[in-house]
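# Architecture and fold: a report
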Amino acid sequence: GRYAVGCLPAFGEEPGATMREIVRQLVFPLTLLAGLLAARAILASGAPPESVIVIWFGLMPWVAWLERRLPRHADWNTSQGDLLTDAIYLPVNLVVAGGLSALWAGLYLRWATQLQAAVGQEVWPITIPLAGQVVLACVTAELFSYWAHRAMHEVPLLWRFHSVHHSPGRVYWLNAVRAHPGEHLFRGFISGIPLAVLGAPPEVLAYWMVISRVAGLFQHANIEFALGPFAWIFSIGELHRWHHSAERAEADHNYGDTFIFWDALFGTRYLPADRPAPHAVGIRGLEAFPKDWWHQQLAPFRYHAIERESVR
């Protein structure tokens, strides 16, 4: 169906419609390619590998503009009293995530040293081509991210923290950063283990970061773009909108942070071909969930009270 894998423009379509369909098909792969080329240029210049983060910031205005020009749902481009809250999350979570990464770095280094000593040599396969190392990094890191995310849905205590991310009534590029510090504490620790402990080189980490960041922007973006074959690779677009369905039975799928192949393997990939992802997102039965940033920080600790308030 159109919503599942996209479609090619039909013969005889109006030129404007044909161009729109071409944009739908190409906007994500071309943006990803541009990000990777920019990363190669940054690394070739001798800049530190972590400098590639500027690509993520640079693409934010592009994705925000695309939401206005090619919206999936026009009403999702209007604030629901959430814009200020999400704007606060962006800088706060950059500090939180960065601080936690520094906190775990010492522990990861110790584990990496112990692993290397046990194996007797470097663990990461640095002799294979760079492209192969990047693919390996994506597959390995995503396995840990998948199970950390899935745990936040299946373990009630962890869901209280993850519910903050699922609380908005719309899905757009900026609320991708909406996450409670408790979620960063858990998922950041688990997700950071494989590449840090296995000793992936900085250049490999840089390309992995660009791929995950670009996909992350399109994961929440309110853009009408076609998934095509990417519906079996990246957990973006319609796949992630199903993950944000107001119905938990539908939302408890598509756990991939960046990629969808582990969902396909473990049976949690969900993309019905007969209908689009629902317009109703959020958490049904939790309508009293607070909208402002401060009270959302308290929400996991008064989750049952919010449930009671929601049924009044």
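In this text the structure is predicted, and so the values were computed from the model without any measurement.

For any part of a model where pLDDT is low, the fine detail of the predicted coordinates should not be relied upon. On average, residues of the chain score 91 in pLDDT, and 95% of them reach the 70 mark or higher. For the chain, per-element mean pLDDT is lowest for helix 1 (residues 2–5), which scores 38, and highest for helix 11 (residues 261–266), which scores 98. Below pLDDT 50 for its whole length, residues 1–12 participates in 26 contacts with residues either more than four positions away or in separate chains.

Okay, the nonpolar core next. Core analysis: the biggest nonpolar cluster contains 57 residues, and Phe28, Phe218, Ile223, Phe225 and Phe234 have the highest contact counts within it. Put simply, the parts of the chain that give this core at least two residues each are helix 2 (15–44), helix 3 (53–69), helix 4 (83–119), helix 5 (130–154), helix 6 (156–166), helix 8 (202–220), helix 9 (238–243) and helix 13 (303–310). Counting residues per element, this core draws most heavily on helix 8, which supplies 9 residues. When neighbours within four sequence positions are excluded, Phe218 is seen to be in contact with Val27, Phe28, Thr31, Val63, Leu66, Ile223, Phe225, Ile236 and Gly237.

This part takes up the packing of helix 3 against helix 8. As a packed pair, helix 3 and helix 8 sit with axes 10 Å apart at the nearest point and diverge in direction by 20°. In terms of orientation, helix 3 lies roughly parallel with respect to helix 8. Crossing of helix 3 against helix 8: the hand is right-handed. Note on element contacts: helix 8 touches helix 3 through Met209, Val210, Arg213, Val214, Leu217, Phe218 and His220, opposite Ile53, Ile55, Trp56, Leu59, Met60, Val63, Leu66 and Glu67. Class assignment of the residues belonging to the contact of helix 3 with helix 8 gives a composition of 12 nonpolar, 1 polar and 2 charged.

What follows covers helix 4. With 37 residues, helix 4 should reach 54 Å at 1.5 Å per residue; the first-to-last C-alpha distance of 50 Å fits that figure. Ala105 marks the point of greatest bend in helix 4, at about 35°. Listed as buried for helix 4 are Thr85, Asp86, Tyr89, Leu90, Asn93, Leu100, Trp104, Tyr108 and Ala112. Gly120 sits one or two residues past helix 4 and shows a positive phi near 90°.

The next point concerns the pattern of salt bridges. Inspection of every chain in the model, using the stated rule, returns 14 salt bridges. Note that Arg170 is salt-bridged to Asp82, the shortest N-O span being 3.0 Å. Here Arg170, found in the loop between helix 6 and helix 7 (181–198), pairs with Asp82, found in the loop between helix 3 and helix 4; they are 88 residues apart in sequence, far enough to count as distant. The residues Arg170 and Asp82 share a single accessibility class, namely buried. The closest approach of N and O atoms between Asp252 and Arg248, which form a salt bridge, is 3.1 Å. Taken together, the salt bridges that share partners define one network made up of Glu21, Arg24, Arg72, Glu224, Glu238 and Arg241.

Its location among the elements puts Glu21 in helix 2. Side chain to side chain, Glu21 and Arg24 meet in a polar contact 2.7 Å long.

Let us now look at unusual backbone geometry. The phi torsion at Asn254 lies on the positive side, around 55°, for a residue other than glycine. One can find Asn254 in the loop between helix 10 (248–251) and helix 11. Taking the relative accessible area as the measure of exposure, Asn254 reaches 0% and is therefore buried.

Calculation rules
- Numbers given for residues are sequential positions, taken from 1 along each chain in its written order.
- Given that the model is predicted, a residue must reach a pLDDT of at least 70 before its local features are reported, and side-chain atom pairs must reach 80 or more before they are shown or counted; all residues, however, enter totals for whole chains, interfaces and linings.
- Working from all heavy atoms in the structure, the side-chain values ignore hydrogens and water.
- A score from 0 to 100, pLDDT tells how confident the predictor is in each residue.
- Helix and strand labels come from DSSP, where a helix needs a run of H or I of at least four residues and a strand needs a run of E of at least two; each type is numbered from the N terminus.
- We call two residues in contact whenever any of their non-hydrogen atoms come within 4.5 Å of each other.
- Take the buried residues of types Ala, Val, Leu, Ile, Met, Phe, Trp, Tyr and Cys, join any two whose side-chain atoms come within 4.5 Å, and each joined set is a nonpolar core.
- For every residue, the accessible area (1.4 Å probe, protein chains only) is compared with the maximum for its type, and the residue is labelled buried under 20%, exposed over 50%, or partly exposed between those bounds.
- All axes are obtained by fitting lines to C-alpha atoms, using only the stretch in contact for helices, and the reported angles, taken between N-to-C directions, cover 0 to 180 degrees.
- Should an angle fall under 35 degrees it is called roughly parallel, over 145 degrees roughly antiparallel, and 65 to 115 degrees roughly perpendicular, with every other angle called oblique.
- Handedness of a helix crossing follows the sense of rotation of the near helix relative to the far helix, less than a right angle counterclockwise being left-handed and clockwise being right-handed.
- Polar here means any residue outside two lists: the nonpolar Ala, Val, Leu, Ile, Met, Phe, Trp, Tyr, Cys and Pro, and the charged Asp, Glu, Lys and Arg; Gly therefore counts as polar.
- A helix is expected to reach a length of 1.5 Å times the quantity of its residues less one.
- Two axes define the bend at a residue: one fitted to the seven residues ending there, one fitted to the seven starting there, and the bend is the angle between them.
- Salt bridge, as applied in this entry: a Lys or Arg side-chain nitrogen positioned within 4 Å of an Asp or Glu carboxyl oxygen.
- Nitrogen and oxygen atoms within 3.5 Å of one another constitute a polar contact, given that in protein one can donate a hydrogen and the other can accept it, and given that sequence-neighbouring residues count only through two side-chain atoms.

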